[in-house]
Amino acid sequence: MATSRVTATITGPGEEVARVPGLLDALVREHNVDANAVADMQVALDEVLSNILGNGFADGIAHRVDITLAVDSDRLTAEVLDDCGPFDPLAVPPPELGAPLLDRRVGGLGVHFVRNLMSDVRYTRVGARNRLVLTKKLAREDDTDAGA
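Residues numbered from 1 in each chain as written. Predicted model: local features only at pLDDT ≥ 70, side-chain atom pairs only at ≥ 80, totals over all residues. Heavy atoms only, no water.

A. Region of the structure containing the pattern of salt bridges. Applying the stated criterion across every chain yields a total of seven salt bridges. Two residues, Asp74 and Arg75, come together in a salt bridge whose shortest N-O distance is 3.9 Å. Residue classification places Asp74 among the partly exposed residues on the basis of a relative accessible area of 38%. Given the relative accessible area of 37%, Arg75 is considered partly exposed. Residues participating in the shared-partner salt-bridge network are Arg64, Asp66 and Arg129. (Salt bridge = Lys/Arg side-chain N within 4 Å of Asp/Glu carboxyl O. Buried < 20%, exposed > 50% of the residue type's maximum accessible area, 1.4 Å probe, protein only.)

B. Helix α1 (residues 15-29), seen in detail. For α1, built from 15 residues, the straight-helix expectation of 21 Å at 1.5 Å per residue is met to within 8% by its first-to-last C-alpha distance of 22 Å. Burial in α1 covers these residues: Val17, Val20, Leu24, Leu27 and Val28. Elements in contact with the buried residues of α1: β1 (4-10), α2 (35-55), β2 (65-71) and β3 (75-82). (Helix = DSSP H or I, 4+ residues; strand = E, 2+ residues; numbered from the N terminus. Expected span 1.5 Å × (residues − 1). Contact = heavy atoms within 4.5 Å.)

C. How the structure looks around the side chain of Thr135. With respect to the secondary-structure elements, Thr135 resides in strand β5 (residues 129-137). With relative accessibility at 13%, the residue Thr135 sits in the buried group. Discounting residues that sit within four places of it in the chain, Thr135 has contacts with Arg75, Leu76, Thr77, Met118, Ser119 and Asp120.

D. Structural detail: the pairing of β5. As defined by bridge partners, β3 adjoins β5 across eight bridges and the pair is classed as antiparallel. Note that in β5 the partner of Ala78 across the bridge is Leu134. As paired strands, strand β4 (residues 120-126) and β5 are joined by seven bridges and run antiparallel to one another. Within β5, the residue paired with Asp120 across the bridge is Thr135. Linking two consecutive strands that pair antiparallel, namely β4 and β5, is a turn of two residues; a positive phi of about 60 degrees is found at Gly127 within it. (Pairing = 2+ DSSP bridges.)

E. Region of the structure containing α2. Across its 21 residues, α2 extends 30 Å between first and last C-alpha, which sits within 8% of the 30 Å expected from 1.5 Å per residue. When we look at burial in α2, the residues that qualify are Ala37, Val38, Asp40, Met41, Gln42, Ala44, Leu45, Val48, Leu49, Ile52 and Leu53. Two or three places before Asn36, at the opening of α2, Asp34 has a side-chain oxygen 3.2 Å from that residue's backbone nitrogen. (Polar contact = N/O pair within 3.5 Å; in protein donor to acceptor, adjacent residues only side chain to side chain.)

F. Here's a closer look at the nonpolar core. In this structure, Ile10, Leu24, Met41, Leu45, Val65 and Leu134 are the most contacted members of the largest nonpolar core, which totals 32 residues. Of all the secondary-structure elements, those providing two or more residues to this core are α1, α2, β2, β3, β4 and β5. Top element by residues in this core is α2. It accounts for nine residues. With residues up to four places along the chain from it excluded, the contact list for Leu134 reads Met41, Ala44, Leu45, Val48, Leu76, Thr77, Ala78, Val114, Met118, Asp120 and Val121. (Core = buried A, V, L, I, M, F, W, Y, C linked by side-chain atoms within 4.5 Å.)

What is shown is where atoms sit, not what they do.
See the structure below:
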């Protein structure tokens, strides 16, 4: 299967962000992508975009987030580029899941979800932009039926 892609640009909260789940659903619909993989990517994207909009946009300066969603025969990928201040989510320490709730450090749980839902997460700073690539390896629905 050739790689299929869709792109979106977000310049603020609201309808632009709300379009992203629909774009992902439309992209995977024709490619028989496992629903669990799509749901994992939806949750990860929601967390990443919420963090960018809630923290990166908090400086009051206009920002831009470019999202490229892609699917091919063995993976679902989301590339998120933003021009907010430098932030490497992979440098956030894992949450203290065993500690009592009141003793836990605030934050980091969403990044923990992203790390655990995705097969691979990579961050780089490219010029004045943060680049986060989320990859989910696919178990094809038609492949799982072959062993039955």
